[in-house]
Amino acid sequence: DAGVTQSPTHLIKTRGQQVTLRCSPKSGHDTVSWYQQALGQGPQFIFQYYEEEERQRGNFPDRFSGHQYPNYSSELNVNALLLGDSALYLCASSLGDRGQNYGYTFGSGTRLTVV
Amino acid sequence: TQLLEQSPQFLSIQEGENLTVYCNSSSVFSSLQWYRQEPGEGPVLLVTVVTGGEVKKLKRLTFQFGDARKDSSLHITAAQPGDTGLYLCAGAPSNTGKLIFGQGTTLQVKP
């Protein structure tokens, strides 16, 4: 049973560029959340997608956008990259709203470095 | 703004010692989750507690949710080198789809 798959694993981008990160949820899960984890910190919630719509959003600027496809996979897009966007980007999946009471399955993340 | 504060931030102990990690907030959460994260990997769920006062045990790990559902603790008995990692608590505010994470506790267990 495949867990959450994220690609790419590592990425180096230049300031001002745009980046797209991808996530395939665990089999049977339909809800995808994205988190940003800076070095030495806990993850911070970016947004959550369910039924192809953004359902919840954290305190991140509009440069951060996402999409969910009918097969439940998801993308995170970041425009006009800043040095401060360098972080580990984590995708987490769950079935509906069960993540709140039963926990989430996280992928291994995409390490983004902005230079 | 809902915050979760974890303490201590760093812990270095010898194999066989006991330890407790605390997770505190002034806000009420519908559930509290504990994750462990290895370098280069995503967090892995250890336990979810949902009822105030609830205690759950996972082998040598004991998790407790405060009566008021604002705080939690993780106690490890007879720590082993394999317990080394970053321990994260995460609170789920009611009726939202997000988790609020603490800053984590880095545990090092020396043989």
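The paragraphs below set out a description of the structure included in this document. Here the structure is a predicted model, which means the values were calculated and not measured. (Residues numbered from 1 in each chain as written. Chains lettered and ligands numbered in written order. Predicted model: local features only at pLDDT ≥ 70, side-chain atom pairs only at ≥ 80, totals over all residues. Heavy atoms only, no water.)

Some details on the packing of aromatic side chains
Basically, it comes down to this: Centre distance within 6.5 Å is the pairing criterion for rings of Phe, Tyr and Trp, where only the six-membered ring of Trp is used; planes under 30 degrees apart are then read as stacked, over 60 as edge-to-face, and the remainder as tilted. Under the scheme applied here, a residue whose accessible area is under 20% of the maximum for its type counts as buried, over 50% as exposed, and between as partly exposed, the area being computed with a 1.4 Å probe on protein chains only. A helix here means a DSSP run of H or I that spans at least four residues, while a strand means a run of E at least two residues long, and both kinds are numbered starting from the N terminus.
Here the structure, examined in full by the defined rule, presents 9 aromatic pairs over all chains. When the ring of A:Phe47 is compared with that of A:Tyr49, the centres are 5.3 Å apart and the planes differ by 85°; the resulting orientation is edge-to-face. For the pair A:Phe47 and A:Tyr49, a shared accessibility class is recorded, and that class is buried. Ring centres of A:Phe106 and B:Tyr35 lie 5.4 Å apart, and the angle between their planes is 85°; this geometry places the pair in the edge-to-face category. With one member in each of two chains, A:Phe106 in strand β10 (residues 105-106) and B:Tyr35 in strand β4 (residues 31-37) form a pair that bridges those chains. Grouping aromatic residues by their ring pairs yields a cluster made of A:Tyr35, A:Phe45, A:Phe106, B:Tyr35 and B:Phe101.

Quick look at the environment of A:Gln44
Residues and elements named next belong to chain A. Note the cut-off: Note on definitions: a residue-residue contact is assigned when non-hydrogen atoms from the two residues lie within 4.5 Å.
Take Gln44: it is sitting in strand β5 (residues 44-50). Considered as a pair, Gln44 and Gly16 are 28 residues apart in the sequence and their alpha carbons are 22 Å apart. Aside from chain neighbours lying at most four places away, what touches Gln44 is Trp34, Tyr35, Gln36 and Phe60.

Some points on unusual backbone geometry
In this chain, A:Ser7 is followed by A:Pro8 through a cis amide linkage whose omega measures -10°. Relative to the elements of secondary structure, A:Pro8 occurs in the loop between β1 (5-7) and β2 (10-13). Between B:Ser7 and the following residue, B:Pro8, the backbone shows a cis peptide bond with an omega angle of -5°. Examined against the element boundaries, B:Pro8 turns out to sit in the loop between β1 (5-7) and β2 (10-14). A positive phi angle, near 50°, is found at A:Glu51, a position not held by glycine. For A:Glu51, the location among the structural elements is in the loop between β5 and β6 (53-57). With a phi angle near 80°, A:Tyr72 is a residue other than glycine that sits in the positive phi range. Overall, the relative accessible area of 39% leaves A:Tyr72 in the partly exposed class.

Structural notes on the state of the cysteines
Rules: We call a pair of cysteine sulfur atoms a disulfide when they lie within 2.5 Å.
Enumeration over the complete set of coordinates arrives at 2 disulfides over all chains. The disulfide bridge from A:Cys23 ends at A:Cys91, spanning 1.8 Å between sulfur atoms. Taking the sign of the S-S torsion, about -60° here, the bridge from A:Cys23 to A:Cys91 comes out left-handed. With A:Cys23 in strand β3 (residues 19-24) and A:Cys91 in strand β9 (residues 87-94), this pair connects stretches of sequence that are 68 residues apart. The same class applies to A:Cys23 as to A:Cys91, namely buried. Across the disulfide from B:Cys23 sits B:Cys89; the S-S distance is 2.0 Å. Taking the sign of the torsion about the S-S bond as the criterion, the disulfide between B:Cys23 and B:Cys89, at about 75°, is right-handed. Taken together, the residues B:Cys23 in strand β3 (residues 19-24) and B:Cys89 in strand β9 (residues 85-92) connect sequence positions 66 residues apart. Of the residues examined, B:Cys23 reaches a relative accessible area of 1% and is grouped as buried.

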